[in-house]
Amino acid sequence: MKNSLYVIAALLLVIWGIIFWGFNSSGAVHLLLAVAVLIILIRLIFDKQLSRK
């Protein structure tokens, strides 16, 4: 379960990159990037909090 968030974030980044550079992208495509970054940040924050306990 821990690594699945990284896999989802990586897939979102790859999809975002393909759409951004391959097609005429709209503003909605950047939502993928924002979600991927949010997942990574949440994972990093909670991982540090859990390791302190």
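The rules we used
Residues numbered from 1 in each chain as written. Predicted model: local features only at pLDDT ≥ 70, side-chain atom pairs only at ≥ 80, totals over all residues. Heavy atoms only, no water. Patch = residues over 30% accessible without salt bridge, like charges linked within 9 Å, V, L, I, M, F, W, Y side chains within 5 Å. Areas by Shrake-Rupley, 256 points an atom, 1.4 Å probe, with all protein chains shown as cover. Salt bridge = Lys/Arg side-chain N within 4 Å of Asp/Glu carboxyl O. Helix = DSSP H or I, 4+ residues; strand = E, 2+ residues; numbered from the N terminus. Buried < 20%, exposed > 50% of the residue type's maximum accessible area, 1.4 Å probe, protein only. Contact = heavy atoms within 4.5 Å.

Chemist: Tell me about a nonpolar patch on the surface, residues and numbers included.
Modeler: A grouping of Val7, Leu11 and Ile15 is seen on the molecular surface, where their side chains present a nonpolar patch of about 260 Å² in accessible area. Within the secondary structure, Leu11 is located in helix H1 (residues 2-22).

Chemist: Account for the environment of Arg43, naming residues and giving values.
Modeler: As for its position among the elements, Arg43 is in helix H2 (residues 30-52). For Arg43, a relative accessible area of 13% gives the class buried. Separated by 37 residues in the primary sequence, Arg43 and Tyr6 place their C-alpha atoms 8.2 Å from one another.

Chemist: Can you lay out the environment of Leu13 for me, pointing to particular residues and giving the numbers?
Modeler: When you line up the elements, Leu13 lands in helix H1. Leu13 gets classed as partly exposed once you look at its relative accessible area, which sits at 33%. Distance from Leu13 to His30, taken between C-alpha atoms, is 9.9 Å for residues 17 residues apart in sequence. Sequence-distant contacts of Leu13, defined by excluding residues within four places in its chain, comprise Leu33, Ala36 and Ile40.

Chemist: Run through the environment of Ile42, naming residues and quoting values.
Modeler: By secondary structure assignment, the location of Ile42 is in helix H2. You can call Ile42 partly exposed: its relative accessible area is 38%. For the pair Ile42 and Leu5, spaced 37 residues apart in sequence, the C-alpha to C-alpha distance is 9.5 Å.

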